[in-house]
Amino acid sequence: MGRALGYVGFTGPDRRLDTTGYFDDPVNVLPVKCANCTFPDLDHVPQPYRLARGIDRPVDLAPANLGNFLARDRARRVIEAACPGQCRFHPTTVKKTNDAAPWFLAVPTHHIAIGRVRAEVPRCSACGEPKTCHVNEFEPDPPGAIEWDVAKSLSWGSHNDTIGLERDRAKLRAAYGPRAEIMAADTGWARQRIYRYLFFSLRLELLLKKLKIKGMTRLAGDSGAPTGEDRAWVDEQVDRLNRLGFGSPPGRDGREDQGWFDAYLKKHRKRRGAPHDFGPIEAALGASLPPTYKVFVDQVGAEIFRNVEGEEGFEARILLPQDLDLTSYRQGAVPMDGEEDRQVDAVLFAATGHGDGFCFDLAAGGPEYPVYLYDHEANVFDAYAPNFGGCIRRFIGEDG
Ligand SMILES: [Zn+2]
């Protein structure tokens, strides 16, 4: 990549959502990876991923164990759109009820080496992992810059100290019973409360701040200020995210768009034929078409919008279901230069007279997908509207 981004450690309040009890015992138990020392598989994501407390915390982000974090839907959409492919998002459930929780577990896909465990710390003869990794046993050697906006540390740390270990282990065993990631039954190879660090780029930190996405903050003592280039990226992202409808918290805006769209349909309704059968197309697509598109083609039909946004000669023609292009713009179908563009999984629903086209992005999740304009000359997907209704509104030029 060759990018060099300034970064900070990112954290948040204790009493993490995926922990329980006085000792912040992890709720989700990891499988043992090494039978010899009981070292757990740190990259395994238990499913369902359960949360035990703080579920109503009125923020968008919260720290999670092992260098992961939790994001509510808007924060997830923002991070996915601005930093595509840098986190895997998993649904979560409420431990007590097994109901879906309004949080996604975000697992950074990139690891960065931040130093090494001192040579004198014993290693497991089978897996090579150190016996413990207290702060004092670690020689930090963090990179000056990172290539990604989100990453976690490759190495892990643990809270053990030889004096406290036996006492804590006995306490923990009495309170919670044996748990592999906290203690290795009686082998003496217990690592307590294994953790990893989470890192965000300075530009992502600034973007979240600008969008008022709250709940996490940089590690105390970490310093660094965004560069001019970082600020330019943030401005570009804010503009892009606003067009996709992720820029501001959900609420009034979506309802207002829907009201506008309903009024538009009432005024322009003309089709009297049988409604379209969307079933076979949705089956072929493996996804539902947006409800607003379906009602539009049923009631208005293959409408042509001329002089889109006041641009002379710019024509957009809504395609009927049988004319949708379900294959040409799907993820991986067009070799895209941009990292963000490569993530778009597009279905063309409106053609223009000049080779560009308007697409739904299935990758963003439905039922109403964000709309991109595929610019064939630049080979990019330009963020255009938060949904189909918002797109029609822009075609007509009633943006406000
Ligand atoms: Zn081992």
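Structure shown above.
Being a predicted model, the structure only gives us computed values, none of them experimental.

A. Representation of the overall build of the protein chain in the model. Scanning the protein chain for helices and strands turns up nine helices and 20 strands. Across the 400 residues that make up the protein chain, the buried fraction comes to 50%. Residue pairs in contact within the protein chain that sit at least 24 positions apart in sequence constitute 65% of those at least 6 positions apart. Surface accessibility of the protein chain: about 19000 Å² in total, with carbon and sulfur atoms responsible for 50%.

B. Representation of the sheet that holds strand S12 (residues 150-153). Reading across from one edge, S9-S12-S13-S1-S14 is the order of the five strands in this open sheet, with mixed pairing throughout. Only two strands of the sheet have a single neighbouring strand rather than two, namely strand S9 (111-112) and strand S14 (217-218). Two strands pair when backbone bridges link them, and strand S1 (residues 7-11) and S14 are joined in this way by two bridges, in the antiparallel orientation. Opposite threonine 11, over in S14, you have threonine 217 as the bridge partner.

C. Region of interest: helix H4 (residues 228-244). For H4, with 17 residues, the first-to-last C-alpha span of 24 Å sits near the 24 Å given by 1.5 Å per residue. All of the buried residues along H4 are Asp230, Trp233, Val234, Gln237, Val238, Arg240, Leu241 and Leu244. At its buried positions, H4 is contacted by helix H1 (73-82), helix H3 (202-210), helix H8 (339-343), strand S19 (371-375) and strand S20 (380-385). Positive backbone phi, approximately 85°, marks glycine 245, located one or two places after H4.

D. Main features of the packing of H1 against H4. Contact geometry for H1 and H4: axes closest at 11 Å, N-to-C directions at 125°. The angle between the axes of H1 and H4 places the two elements in the oblique class. H1 and H4 meet at a crossing whose hand is right-handed. In this structure, H1 uses Val78, Ala81 and Ala82 to contact H4, whose residues at the interface are Trp233, Gln237, Arg240, Leu241 and Leu244. Here the residues of the contact of H1 with H4 are counted per class, giving six nonpolar, one polar and one charged.

E. How the structure looks around the side chain of aspartate 356. If you trace the backbone, aspartate 356 turns up in the loop between strand S17 (346-352) and strand S18 (357-361). Despite its burial, aspartate 356 pairs with no opposite charge, the nearest such side chain being arginine 394 at 12 Å. Within polar-contact distance, the side chain of aspartate 356 engages the side chain of histidine 354 at 3.3 Å. With near-sequence residues (within four places) excluded, aspartate 356 lies in contact with Ala351, Leu373, Tyr374, Asp375, His376 and Glu377.

F. Up close: the pattern of salt bridges. One pass over the full model with this rule turns up 15 salt bridges. Salt-bridge contacts for arginine 116 lead to aspartate 141; the nearest nitrogen and oxygen are separated by 3.1 Å. One end of the pair, arginine 116, is in strand S10 (residues 115-117); the other, aspartate 141, is in the loop between strand S11 (138-140) and S12, and 25 residues separate them in sequence. For aspartate 141, a relative accessible area of 43% puts it in the partly exposed group. Arginine 218 is the salt-bridge partner of glutamate 205, the closest N and O atoms lying 2.8 Å from each other. Linking glutamate 205 in helix H3 with arginine 218 in strand S14, this pair joins segments that are 13 residues apart in sequence. Judged by relative accessible area, which is 22%, arginine 218 ranks as partly exposed. Look at the salt bridges and you will find they share partners, linking Asp73, Arg76, Arg77 and Glu80 into a network.

G. Quick look at the sheet that holds S17. Taken together, six strands build an open sheet; the order of strands is S15-S16-S17-S18-S19-S20 and the sheet is antiparallel. Here the strands that pair on one side only, and so sit at the sheet edges, are strand S15 (304-305) and S20. Summarising the sheet, S19 and S20 pair through five bridges and their orientation is antiparallel. Looking at the pairing, valine 371 lines up with alanine 385 of S20.

H. Geometry of the packing of helix H7 (residues 291-299) against helix H9 (residues 388-396). Running from N to C, H7 and H9 point in directions that differ by 55°, and their axes come no closer than 8 Å. Of the possible angle classes, the one that applies to H7 and H9 is oblique. Between H7 and H9, the contacting residues are Thr292, Tyr293 and Phe296 on the first element and Phe388, Gly389 and Ile392 on the second. Of the residues belonging to the contact of H7 with H9, the class tally is four nonpolar, two polar and no charged.

I. Structural view of the nonpolar core. The biggest cluster of nonpolar side chains holds 79 residues, and the ones touching the most others in it are Phe69, Phe296, Ile318, Phe349 and Phe358. No other element matches S17, which puts six residues into this core. Ignoring anything within four residues of it in the chain, the contact list for isoleucine 318 reads Tyr293, Phe296, Val297, Gly301, Ala302, Glu303, Phe305, Phe349, Ala350, Phe388, Ile392 and Phe395. Core analysis: the next-biggest nonpolar cluster, separate from the first, contains 20 residues, Leu66, Cys124, Cys133 and Ile146 among them.

What counts, and at which threshold
- Residues numbered from 1 in each chain as written.
- Predicted model: local features only at pLDDT ≥ 70, side-chain atom pairs only at ≥ 80, totals over all residues.
- Heavy atoms only, no water.
- Helix = DSSP H or I, 4+ residues; strand = E, 2+ residues; numbered from the N terminus.
- Buried < 20%, exposed > 50% of the residue type's maximum accessible area, 1.4 Å probe, protein only.
- Contact = heavy atoms within 4.5 Å.
- Areas by Shrake-Rupley, 256 points an atom, 1.4 Å probe, with all protein chains shown as cover.
- Pairing = 2+ DSSP bridges.
- Expected span 1.5 Å × (residues − 1).
- Axes fitted to C-alpha atoms, helices over the stretch in contact; angles between N-to-C directions.
- Parallel < 35°, antiparallel > 145°, perpendicular 65-115°, else oblique.
- Left-handed = near helix turned anticlockwise from the far one by under 90°.
- Nonpolar A, V, L, I, M, F, W, Y, C, P; charged D, E, K, R; others polar.
- Lys, Arg positive; Asp, Glu negative; His and termini not counted.
- Salt bridge = Lys/Arg side-chain N within 4 Å of Asp/Glu carboxyl O.
- Polar contact = N/O pair within 3.5 Å; in protein donor to acceptor, adjacent residues only side chain to side chain.
- Core = buried A, V, L, I, M, F, W, Y, C linked by side-chain atoms within 4.5 Å.

Read these as spatial facts, not as claims about activity.
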